[in-house]
Amino acid sequence: MTIYSRITGTGSFLPPRRVTNAEMVSALATQGIETSDEWIVERTGIRARHFADADVFSSDMALKASNLALKAAGIGVKDIDLIIVATSTPDMVFPSTACMLQGKLGHHGAPAFDVQAVCGGFIYALTVADAMIQSGSAKKALVVGAEVFSRLLDFKDRSTCVLFGDGAGAVVLEASSTPGILATDLHADGQYARILCVPGHVSGGQAQGDAFLHMDGQAVFKLAVKVLDETAHAVLAKAGKPSSDIDWLIPHQANIRIMQSTARKLKIPMDKVIVTVDQHGNTSAASVPLALDAAVRSGRAKPGQTLLLEAVGGGFTWGAVLLNL
Ligand code: ACO
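Everything numeric here is computed off the predicted structure, so don't read it as measured data.

Caption draft 1: Fine view of the packing of aromatic side chains. The full count for this structure, using the stated rule, is 2 aromatic pairs. On the numbers, 6.0 Å between centres and 80° between planes, the contact of Phe51 with Phe155 is edge-to-face. Here the residue Phe51 occupies a position in the loop between β3 (48–50) and α3 (58–73), and Phe155 occupies one in the loop between β6 (140–148) and α6 (158–161), the gap between them amounting to 104 residues. Residue Phe51 is classed as buried on the basis of its relative accessible area of 5%. Positioned above the aromatic ring of Phe13, the side-chain terminus of Lys64 is 5.2 Å from the ring centre.

Caption draft 2: Representation of helix α5 (residues 121–134) in the model. The terminal C-alpha atoms of α5 lie 20 Å apart, and with 14 residues this matches the ideal 20 Å at 1.5 Å per residue to within 8%. With 10 of 14 residues buried, α5 is to be regarded as a mostly interior element. Here α5 has its buried residues at Gly121, Phe122, Ile123, Tyr124, Ala125, Leu126, Thr127, Ala129, Asp130 and Ile133. Phi turns positive one or two residues past the end of α5, at Gly136, with a value near 90°.

Caption draft 3: Spotlight on the layout of surface pockets. Considering only enclosed or pocket space, the largest pocket measures out at about 710 Å³ in volume. Lining the largest pocket are 25 residues, and of these Ser88, Thr89, Pro90, Leu152 and Val198 sit closest to its centre. Counting residues per element, the ones that place at least two in the lining of the largest pocket are β9 (196–197) and β10 (201–203). Within the lining of the largest pocket, the residues separate by chemical class into 15 nonpolar, 8 polar and 2 charged.

Caption draft 4: Broad picture of the domain arrangement of the chain. Considered domain by domain, the chain is made up of domain 1 (4–176) and domain 2 (181–324). Centre-to-centre, using C-alpha coordinates, domain 1 lies 14 Å away from domain 2. Taken together, the contact between domain 1 and domain 2 spans 53 residues of the former and 46 residues of the latter. Between domain 1 and domain 2, roughly 3800 Å² of surface is buried when both sides are summed, and carbon and sulfur atoms account for 64% of that area. For the pair domain 1 and domain 2, the interface holds 0 salt bridges. Put simply, domain 1 and domain 2 have 20 residue pairs in polar contact (both at pLDDT 80 or more) between them. Broken down by class, the residue content of the side of domain 1 that touches domain 2 amounts to 26 nonpolar, 17 polar and 10 charged.

Thresholds, definitions, all that
Residues numbered from 1 in each chain as written. Predicted model: local features only at pLDDT ≥ 70, side-chain atom pairs only at ≥ 80, totals over all residues. Heavy atoms only, no water. Phe/Tyr/Trp six-rings, centres within 6.5 Å; stacked < 30°, edge-to-face > 60°. Helix = DSSP H or I, 4+ residues; strand = E, 2+ residues; numbered from the N terminus. Buried < 20%, exposed > 50% of the residue type's maximum accessible area, 1.4 Å probe, protein only. Lys NZ or Arg CZ within 6 Å of the ring centre and 35° of its normal. Expected span 1.5 Å × (residues − 1). 1 Å grid on protein atoms, 1.4 Å probe; cavity = no way out; pocket = protein on both sides within 12 Å on 5 of 7 lines; lining within 4 Å. Points joined across faces, edges and corners; volume = space filled by probe spheres on them. Nonpolar A, V, L, I, M, F, W, Y, C, P; charged D, E, K, R; others polar. Domains from an automatic or database assignment. Contact = heavy atoms within 4.5 Å. Buried area = accessible area lost by both parts, 1.4 Å probe. Salt bridge = Lys/Arg side-chain N within 4 Å of Asp/Glu carboxyl O. Polar contact = N/O pair within 3.5 Å; in protein donor to acceptor, adjacent residues only side chain to side chain.

What follows is the structure, encoded as structure tokens:
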């Protein structure tokens, strides 16, 4: 019998501190840096983002999102036999954020590891969990995207500090006799490593080099539009489905203009696209599971519907997952 994987529960968490564009504008003005709500909304679609307090780590937000996903799936922590966390902002260099989460969940024994593919991370993590379930090595996986990107932001760089936010999203992925995940598609190209990176590292007991996020916005924009279109078509072709079968497009929430371009190329109207970038900003690996949970909890995404999840991020990494909810 073929084993498939199916999402049985979703959950998410946003830190309570909501920072509007107006607040960003006045905070940056105190440092002599000029920006405006109009510029941010017009170029990105972002109106607000959430920032975690200094004592909150990715695993703390992952825990809150995970508990909600477990509750939605109707299973307990003990039932989980795999934990994967997608993050580029781990609590510490090691252990992994997945092990930190496992400790906080009070879970013992199941494999737990991080996936580092920046904003593509959740799509990577979901694909790995799907493969492990299909192979029979796991039956009930907790798959999480959690980020505190605010820690990486240079608040003297207006071209990046207005774009990102913090949060976490989680799903429970279970073995099933019916699909579930219909097809997956993953890619990376390391030649683009420098157009979006945090080049610092740890050595000699301290952070060395530049530990702020750097981005060539226009190069990222061009590449993102191209590869998101390619991976969307590739995953549909693998599943043998036309784009007209998609009930909801749930793209990485980086920039509304990138989402509009993807939807236009797939001939999907914007009212079938889940948009949270306006309220969350870009939460990197957390953005797709946050948007998925928003779609489910608002009653828009319903059981039996077909969802296309896709993302692109530093590396560069990109990919898509087509699934029946
Ligand atoms: N406020 C006001 N002006 C600004 C700001 C700001 N916050 N930031 C930049 N500008 C200025 C620039 O200095 C420039 O001024 P100049 O013409 O006098 O030199 C002008 O605005 C235009 O700058 P561009 O960089 O050309 O603006 P662009 O239209 O490309 O928009 C943006 C910039 C929003 C970053 C865009 O390039 C973009 O969205 N890129 C993709 C970013 C992205 O999606 N990243 C994440 C994907 S992968 C991942 O999620 C990790």
